[in-house]
There are 2 protein chains.
Amino acid sequence: MARTGRPREFDRDKAIDAATALFWAQGYEPTSLTQLKSCMGNISPASFYAAFGSKEALFREVVQRYLETYGQVMAPLWDESLSPREAIERTLHGSARMQSARAHPTGCLVVCGASNCSPENEPVQALLAAERQRTRTGIRACVERAIANGELNASPATDVLPDILTTFFHGMTCEARDGMRPDTLDAAVTSLLTLWDLNAVKRGTAKRPKKKLTD
Amino acid sequence: MARTGRPREFDRDKAIDAATALFWAQGYEPTSLTQLKSCMGNISPASFYAAFGSKEALFREVVQRYLETYGQVMAPLWDESLSPREAIERTLHGSARMQSARAHPTGCLVVCGASNCSPENEPVQALLAAERQRTRTGIRACVERAIANGELNASPATDVLPDILTTFFHGMTCEARDGMRPDTLDAAVTSLLTLWDLNAVKRGTAKRPKKKLTD
DNA sequence: ATATATATGTATCAATCGATCCGTATATGA
DNA sequence: TCATATACGGATCGATTGATACATATATAT
């Protein structure tokens, strides 16, 4: 049964998409209610607050939407049907291309969405920090699974491999924002994964590139 | 000869240091004049504007100060008395420890000082972006010098090496801000540099670690 | 002593911030 | 038809933003 009351005159989903683009490009704090209402189709303050509650509540919906769409480039991290190497590879390549694509703001909303924040908006910071931590955990789990699988050697190098991958991953936001091209970022990912292969257990059927590692 | 007029009642240098800490921790836009005046010793608006001109002008002085102090961890990049490998190594290790030190805000001011910015403050963004570009150029120059010196092979892997190093370098800000410990970040740098050594030209006197690469 | 130059304290500016109130419009349910 | 529920337009809230005005205080220069 349809909901009672006067129907909304704007598309709530499209409004969230528009807000996502704005928050993604500018970050949480610099994005004003005026800008938001404007990009959502010049809706009134009353409509805004009735539909979303507050700026922070809208941002939380935006993050949720982002994670369900663009953020799905990270999904391979938690897909245990993939080999750990493939999971990492797909995640990094996918993220590199997504973050540097020109169809939307560059970089990662989770990394740069609230990187400059007043103390009063610490909860917003914390929301994104928790999500970044989830990524770290996912990357580390892949490496540990590879060690458990016998795909990677256990060694000091594989101990720090998650930190390297994570640091590089988070650095892509800065590079993409500063204009690095998708192909360039993608090639960097490919080469970085040499660090994985260096520590791969050598077998007849090992997943190693056919070309020389250094080429 | 001493300057005419009533002398300033606060220490301009210390005020800039205090402002640096604040801008570093919060970023340009979220840092208010009220906070700045407060941390500078409760100076008045008149004193502030007489001494610094504007919030943006102060920020430019702060960036200058930062580059001359903390930012000097990057100096090896342009020190041609060092081998390229040493220059990169010292820069990354020094930056890793500086950015994660607890004596001051974590991360790099140049990376995160204006990462969330309204369109109206684009010049501030541009100031830091130009500095980041300078870093990229410096890193690339080191790699190219190493190739010219014969320390590194010219190859697709060395072509993308600057991009990998730069991306990792810029990612350290996120990791440091999220609490990564100095030793951890430092160890990641050490391991990342394996990518350099993989492409080092092999000679009897080559600068290669004595231990196995993967350890 | 007087002029000049700079700094300070206080009050205040216009603009914008996120958010709320109120009267009205438009839908459904009984 | 009338009650209920939701959305809308527009005015406005108090707080804060970066910045300025003006009178006064304190130094040097002549």
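By the naming in an unreviewed UniProt entry, chain A is TetR family transcriptional regulator, taken from Acetobacter estunensis.

Peer 1: Any chance you could explain the pattern of salt bridges here in plain terms?
Peer 2: Pairing is possible between side chains of opposite charge, provided their charged atoms come close. Throughout the structure, instances matching the rule amount to 28 salt bridges over all chains. Of the charged contacts in the structure, one is a salt bridge between D178 of chain B and R136 of chain A, with a shortest N-O distance of 2.7 Å. Taken together, the residues D178 of chain B in the loop between α8 (156-177) and α9 (182-192) and R136 of chain A in helix α7 (residues 122-149) connect one chain to another. The network of salt bridges with shared partners includes R132 and R136 of chain A together with E175 and D178 of chain B.

Peer 1: Quick question: what am I supposed to make of the UniProt feature "domain: HTH tetR-type" (unreviewed entry) in chain A here?
Peer 2: As annotated by UniProt and renumbered to match this structure, "domain: HTH tetR-type" (unreviewed entry) occupies residues 9-70 of chain A. In residues 9-70 of chain A, helix accounts for 71% and strand for 0%; the two terminal C-alpha atoms are 27 Å from one another.

Peer 1: Just checking my understanding: could you explain the relation of the copies chain B and chain A for this structure?
Peer 2: For these two chain copies, the linking operation is a rotation about an axis paired with a shift along it. Mapping chain B onto chain A leaves a residual RMSD of 0.1 Å; the transformation is a rotation of 180 degrees accompanied by 0.0 Å of translation along its axis. Interpreted geometrically, this transformation is the action of a two-fold axis. Within chain B, the C-alpha atom positioned nearest to the axis of rotation is that of G171 of chain B, 1.7 Å from it. Of the interface residues in chain B, 100% have counterparts in chain A that sit at the interface too, so the contact is made through matching surfaces.

Peer 1: Help me out: how do you make sense of the nonpolar core in this one?
Peer 2: The tendency in soluble globular proteins is for nonpolar side chains to be buried side by side. L192 of chain A together with L58 and L192 of chain B are the most contacted members of the largest nonpolar core, which has 89 residues in total. When residues in this core are grouped by element, the largest group, nine residues, is from helix α8 (residues 156-177) of chain A. Residue contacts for L192 of chain B: discarding those within four places in its chain leaves I164, L192 and L195 of chain A together with L92, I164, L165 and F168 of chain B. If you look at the next biggest cluster of nonpolar residues, it comprises 29 residues, including A15, L36 and V110 of chain A together with C174 of chain B.

Peer 1: Would you mind showing me how to read the packing of α8 of chain A against α8 of chain B here?
Peer 2: When two helices pack together, you describe them by how their axes are tilted relative to each other and by the distance separating the axes. Between α8 of chain A and α8 of chain B, the shortest axis-to-axis distance is 6 Å and the interhelical angle comes to 95 degrees. For the element pair α8 of chain A / α8 of chain B, the angle class is roughly perpendicular. On the side of α8 of chain A, the interface is formed by I164, T166, T167, F168, H170, G171, M172, C174 and E175 of chain A, while α8 of chain B contributes I164, T166, T167, F168, H170, G171, M172, C174 and E175 of chain B. When grouped by side-chain class, the residues that make up the contact of α8 of chain A with α8 of chain B number eight nonpolar, eight polar and two charged.

Peer 1: I keep staring at the packing of α8 of chain A against α9 of chain B and nothing clicks. Help me out?
Peer 2: Viewed as axis vectors pointing N to C, α8 of chain A and α9 of chain B meet at an angle of 95 degrees, and their least axial separation amounts to 9 Å. As judged from the angle between their axes, α8 of chain A and α9 of chain B are roughly perpendicular. Residues A157, V160, D163, I164 and T167 of chain A of α8 of chain A form the contact with α9 of chain B, whose participating residues are T184, L185, A187, A188, S191 and L192 of chain B. In terms of residue class, the contact of α8 of chain A with α9 of chain B is built from seven nonpolar, three polar and one charged.

Peer 1: Explanation requested: the domain arrangement of chain A in the structure shown.
Peer 2: In many reports, interface size means the accessible area that the parts give up when they come together. All names here are of chain A. Split into domains, chain A comes out as domain 1 (12-65) and domain 2 (74-198). Computed from C-alpha coordinates alone, the two centres of domain 1 and domain 2 are separated by 27 Å. Between domain 1 and domain 2, the contact holds twelve residues from the first and 19 residues from the second. A combined buried area of about 1,300 Å² lies between domain 1 and domain 2, and 66% of that area is made up of carbon and sulfur atoms. The interface formed by domain 1 and domain 2 holds zero salt bridges in total. Summed over the shared surface of domain 1 and domain 2, the result is five residue pairs in polar contact (both at pLDDT 80 or more). Among the secondary structure elements, those contributing two or more residues to the side of domain 1 that touches domain 2 are α1 (12-26) and α4 (55-68). The element contributing the most residues to the side of domain 1 that touches domain 2 is α4, with five residues. When its residues are assigned to classes, the side of domain 1 that touches domain 2 shows eight nonpolar, one polar and three charged.

Peer 1: Could you clarify how one ought to interpret the interface of chain B and chain A in this entry?
Peer 2: Contacts between chain B and chain A engage 47 residues on the former and 47 residues on the latter. Surface buried jointly by chain B and chain A totals about 3,400 Å² across both partners, of which 59% is contributed by carbon and sulfur atoms. Put simply, chain B and chain A have six salt bridges between them. Between R136 of chain A and E175 of chain B there is a salt bridge, and its shortest N-O distance comes to 2.8 Å. Seen at the junction of chain B and chain A, the total is 16 residue pairs in polar contact (both at pLDDT 80 or more). Within the residue set of the side of chain B that touches chain A, elements represented by two or more residues are α6 (109-112), α7 (122-149), α8, α9 and α10 (194-198) of chain B. With 14 residues, the single largest contributor to the side of chain B that touches chain A is α8 of chain B.

Peer 1: Quick question: what am I supposed to make of the layout of surface pockets here?
Peer 2: Vacant regions in the atomic arrangement are exposed by a probe of water-molecule size rolled over the atoms. What the largest pocket holds in volume is close to 620 Å³. Taken together, 32 residues line the largest pocket, and the ones lying closest to its centre are V111 and S115 of chain A together with V111, C112 and S115 of chain B. Broken down by element, the residue count for the lining of the largest pocket peaks at five residues, all from α8 of chain B. The class makeup of the residues in the lining of the largest pocket is 15 nonpolar, eleven polar and six charged.

The rules behind each value
- Residues numbered from 1 in each chain as written.
- Chains lettered and ligands numbered in written order.
- Predicted model: local features only at pLDDT ≥ 70, side-chain atom pairs only at ≥ 80, totals over all residues.
- Heavy atoms only, no water.
- Salt bridge = Lys/Arg side-chain N within 4 Å of Asp/Glu carboxyl O.
- Helix = DSSP H or I, 4+ residues; strand = E, 2+ residues; numbered from the N terminus.
- UniProt positions renumbered as here; feature names shortened; annotations may be inferred.
- Least-squares fit on C-alpha atoms with pLDDT ≥ 70 in both.
- Contact = heavy atoms within 4.5 Å.
- Core = buried A, V, L, I, M, F, W, Y, C linked by side-chain atoms within 4.5 Å.
- Buried < 20%, exposed > 50% of the residue type's maximum accessible area, 1.4 Å probe, protein only.
- Axes fitted to C-alpha atoms, helices over the stretch in contact; angles between N-to-C directions.
- Parallel < 35°, antiparallel > 145°, perpendicular 65-115°, else oblique.
- Nonpolar A, V, L, I, M, F, W, Y, C, P; charged D, E, K, R; others polar.
- Domains from an automatic or database assignment.
- Buried area = accessible area lost by both parts, 1.4 Å probe.
- Polar contact = N/O pair within 3.5 Å; in protein donor to acceptor, adjacent residues only side chain to side chain.
- 1 Å grid on protein atoms, 1.4 Å probe; cavity = no way out; pocket = protein on both sides within 12 Å on 5 of 7 lines; lining within 4 Å.
- Points joined across faces, edges and corners; volume = space filled by probe spheres on them.

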